[in-house]
Amino acid sequence: QKQLFVKYWKINLAQSKSFDLDIVSYYNMNEDIIEIMRLQKTEIDWDDMYTIKDAKQRFNDGLFCHILFDNEYPIGIRWFYEVRPNLYGFNYFISKSRPDGISHKFFEQSNRTLYNKGYQTLTAYCDDWNDKMWNRVNKTNGFQPISVHMFKDMIGAAKKKTYF
């Protein structure tokens, strides 16, 4: 779909809630990330999806991700770029074959994990056609829409990366 507008937001991570989920932080490439990328490719039509080479480059650039497991199988991923005390979050995915309500819990618990690591605010954006993402973040504790100017100020040097 043609991009017309972009929606920006921030999340006050202190307002996030804890849930008992199996979420692992990854700082290096591994089989779980390859598996979740395979799942993404089967579930969504994304011509410009990042590749294994791209994922390796992300880790080389200091990025990290959270992976959600269900019965020891990876079903969700979120990528993060650190711009302390803030984070830039992108490429959120959760499988269509998931337990009811887990998408919200994944977002909240992932945010709580970030807060517990000392981060204060997560900032992100989505294309205006991406109603699922916009609806997800609108239900997230600490959510606040922001301007493109505030977004750019918050992500600082991260905006120079070509994969954003």
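Up top is the structure these notes are about.
These remarks concern the structure in this document. Remember, predicted model here, so these are calculated numbers, not experimental data.

Thresholds, definitions, all that
- Residues numbered from 1 in each chain as written.
- Predicted model: local features only at pLDDT ≥ 70, side-chain atom pairs only at ≥ 80, totals over all residues.
- Heavy atoms only, no water.
- Buried < 20%, exposed > 50% of the residue type's maximum accessible area, 1.4 Å probe, protein only.
- Helix = DSSP H or I, 4+ residues; strand = E, 2+ residues; numbered from the N terminus.
- Arc of directions from axis to C-beta.
- Contact = heavy atoms within 4.5 Å.
- 1 Å grid on protein atoms, 1.4 Å probe; cavity = no way out; pocket = protein on both sides within 12 Å on 5 of 7 lines; lining within 4 Å.
- Points joined across faces, edges and corners; volume = space filled by probe spheres on them.
- Nonpolar A, V, L, I, M, F, W, Y, C, P; charged D, E, K, R; others polar.
- Pairing = 2+ DSSP bridges.
- Axes fitted to C-alpha atoms, helices over the stretch in contact; angles between N-to-C directions.
- Parallel < 35°, antiparallel > 145°, perpendicular 65-115°, else oblique.
- Left-handed = near helix turned anticlockwise from the far one by under 90°.
- Salt bridge = Lys/Arg side-chain N within 4 Å of Asp/Glu carboxyl O.

1. What about helix H5 (residues 148-155)?
Part 1 of the argument: When H5 is considered as a whole, its buried residues turn out to be Phe 151, Met 154 and Ile 155. Buried positions in H5, seen along its axis, are confined to an arc of 90° and lie on one side of it. In H5, the exposed residues that point more than 90 degrees away from the buried face are His 149 and Asp 153.
Part 2 of the argument: On its buried face, H5 sits against strand E1 (6-12), strand E4 (73-83), strand E5 (86-94), strand E6 (121-127) and strand E7 (143-146).
Part 3 of the argument: Just past H5, the residue Gly 156 takes up positive phi, approximately 50°.

2. Brief notes about the layout of surface pockets
If you roll a probe as big as a water molecule over the atoms, it shows you where there is empty space left.
Part 1 of the argument: Here the largest pocket defines a volume of roughly 1,600 Å³.
Part 2 of the argument: Contributing to the lining of the largest pocket are 40 residues, with Ile 44, Trp 46, Tyr 92, Trp 129 and Asn 130 lying nearest its centre.
Part 3 of the argument: For the lining of the largest pocket, the elements supplying multiple residues, two or more each, are E1, helix H1 (31-43), helix H2 (52-60), E4, E5, helix H3 (102-116), E6 and helix H4 (131-138).
Part 4 of the argument: At 7 residues, E5 tops the list of elements feeding residues into the lining of the largest pocket.
Part 5 of the argument: Tallied by class, residues from the lining of the largest pocket come to 20 nonpolar, 7 polar and 13 charged.

3. Digging into the sheet that holds E7
Part 1 of the argument: Across the sheet, 7 strands lie side by side as E2-E3-E4-E5-E6-E1-E7; this open sheet has mixed pairing. Edge positions in the open sheet fall to strand E2 (22-26) and E7, since each of these has one partner strand only. Strand-to-strand twist of the sheet, defined as the mean angle between neighbouring strand axes without regard to direction, takes the value 30°.
Part 2 of the argument: As paired strands, E4 and E5 are joined by 7 bridges and run antiparallel to one another. Residue pairing in the sheet places Tyr 81 in a bridge with Tyr 88 of E5.
Part 3 of the argument: Against the sheet, H5 engages E1, E4, E5, E6 and E7, with an angle of about 130° to E6.

4. Concerning the packing of H3 against H4
Part 1 of the argument: Between H3 and H4, the shortest axis-to-axis distance is 10 Å and the interhelical angle comes to 60°. By the angle between their directions, the pair H3 and H4 is classed as oblique. In this structure, H3 meets H4 at a crossing whose hand is right-handed. Counted together, Ser 103, His 104 and Phe 107 of H3 and Met 133, Arg 136 and Val 137 of H4 form the full contact between these two elements.
Part 2 of the argument: Here the residues of the contact of H3 with H4 are counted per class, giving 3 nonpolar, 2 polar and 1 charged.

5. Some thoughts on the pattern of salt bridges
Part 1 of the argument: Counted by the stated rule, this structure contains 2 salt bridges.
Part 2 of the argument: With a shortest N-O distance of 2.8 Å, Arg 38 and Glu 35 are connected by a salt bridge. With a gap of 3 residues between them, Arg 38 and Glu 35 both fall in helix H1, about one helical turn apart.
Part 3 of the argument: Relative accessible area serves as the criterion here: at 23%, Glu 35 is assigned to the partly exposed category.
Part 4 of the argument: For Glu 82, the salt bridge goes to Arg 84, with nearest N and O atoms at 3.6 Å.
Part 5 of the argument: Judged by its relative accessible area of 38%, Glu 82 is partly exposed.
Part 6 of the argument: Relative accessible area serves as the criterion here: at 46%, Arg 84 is assigned to the partly exposed category.

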